[in-house]
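# Residue-level structure breakdown
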Amino acid sequence: MAALARSRLAAAADPTRAPDMQRYMKSDMPFHGVPKPTRDTLVRQLPALTSRAEWLDTVRRLWHEAEHREERYVALDLLRRYARWQEPDLLPLYEDFIITGAWWDYVDELASHHVGPLLMAHRPVVTPVIREWATDADRWKRRASVICQLGAKGETDLSLLTYAVEANVDDADFFLRKGIGWALRQYARVDAEWVRTFVEDHPGLSGLSRREALKHIS
């Protein structure tokens, strides 16, 4: 299945798009130049995977054997397409992809659409892992810990969000500061006053985090 996906990506390649896509993503790995709508169609037209083992094997091969960035995008697409097979035992896989991907396009997809749903469905198991990620040496695991609840809305674990933000509030990294602001801005859609108070109570928040958090609060 991985080989089939690769061959179809290659067949859909657009060399005129590829350099701009690579430049925009600041990627060392080249692109085929396949736009997202075309990739979505390609993924839908792949034969159905019939077992969890085959699914995981396909995803791992597409990720670790990738020669073009879209191969990794298809790996993530397949993770989402077969969300029914998500269980907490996939956390090491997601951690591996976060560390080896080490860029926002991969990490944000993994955090918000894979780690986040696992957290909501299996809080006693996943929460301690996210708390560990919040203080890890790897900045991308820390970003994932901050933004993994973007889709949680009223079910956001505020204790976990607070812990992840406070653990990283002094870090000067742009992606962490942006992620903190994003996570707070998203929760402001649920409880703007909580976010306003949080920002007031944390004067150490960077200007970027503060602006992002309060962007839609009058």
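We now turn to the structure provided with this report. Sequence order as written defines residue numbering, which begins from 1 separately in each chain. Only residues with pLDDT of 70 or above have their local features reported here, since the model is predicted, and side-chain atom pairs are shown and tallied only from 80 upward, although totals for entire chains, interfaces and linings are computed over all residues. In computing side-chain properties, one takes all heavy atoms of the structure into account and sets aside hydrogens as well as water.

### Thoughts on the pattern of salt bridges
Counted as salt bridges are all cases of a side-chain nitrogen of Lys or Arg within 4 Å of a carboxyl oxygen of Asp or Glu. By the definition in use, this model includes 20 salt bridges. Here arginine 17 makes a salt bridge to aspartate 14, at a shortest N to O gap of 3.3 Å. A residue is classified by how much of its surface remains accessible, and arginine 17, at 42% relative accessible area, is partly exposed. Aspartate 105 serves as the salt-bridge partner of arginine 69, at 2.9 Å between the closest nitrogen and oxygen. Here arginine 69 is found in helix H5 (residues 69–81), whereas its partner aspartate 105 is found in helix H7 (residues 104–121), with 36 residues between them in sequence. Take arginine 69 and aspartate 105: they sit in the same class, and that class is buried. Look at the salt bridges and you will find they share partners, linking Arg6, Asp57, Arg61, Glu65 and Glu71 into a network. Only protein chains enter the calculation, and the probe is 1.4 Å; a residue is then buried if its accessible area is under 20% of its type maximum, exposed if over 50%, and partly exposed in between. The numbering of helices and of strands both runs from the N terminus, where a helix is a DSSP run of H or I of at least 4 residues and a strand a run of E of at least 2.

### Brief notes about the packing of helix H6 (residues 91–101) against H7
At their nearest, the axes of H6 and H7 sit 10 Å apart, and the two run at 165° to each other. One element, H6, and the other, H7, form an angle in the roughly antiparallel class. For the crossing formed where H6 meets H7, the hand is left-handed. Together, Leu91, Tyr94, Phe97, Ile98 and Gly101 of H6 and Tyr106, Val107, Leu110, His114, Val115 and Leu118 of H7 make up the contact between the two elements. Residues are sorted three ways: Asp, Glu, Lys and Arg are charged, Ala, Val, Leu, Ile, Met, Phe, Trp, Tyr, Cys and Pro are nonpolar, and all the rest, Gly among them, are polar. Grouping the amino acids of the contact of H6 with H7 by side-chain chemistry returns 9 nonpolar, 2 polar and no charged. To get an axis, a line is fitted to the C-alpha atoms, and for a helix only the part in contact is used. The angle between two axes follows their N-to-C directions and goes from 0 to 180 degrees. Roughly parallel covers angles under 35 degrees, roughly antiparallel covers those over 145, roughly perpendicular covers 65 to 115, and oblique covers all other angles. Less than a right angle of anticlockwise turn of the near helix away from the far helix marks a crossing as left-handed, whereas a clockwise turn marks it as right-handed. Here, residues are in contact when the closest pair of their heavy atoms is within 4.5 Å.

### Regarding the environment of arginine 81
Mapped onto the elements of the fold, arginine 81 is located in helix H5. Residue arginine 81 is classed as partly exposed on the basis of its relative accessible area, which comes to 40%. In the structure, arginine 81 is positioned 51 residues away from glutamate 132 in sequence and 28 Å away in space, judged by C-alpha atoms.

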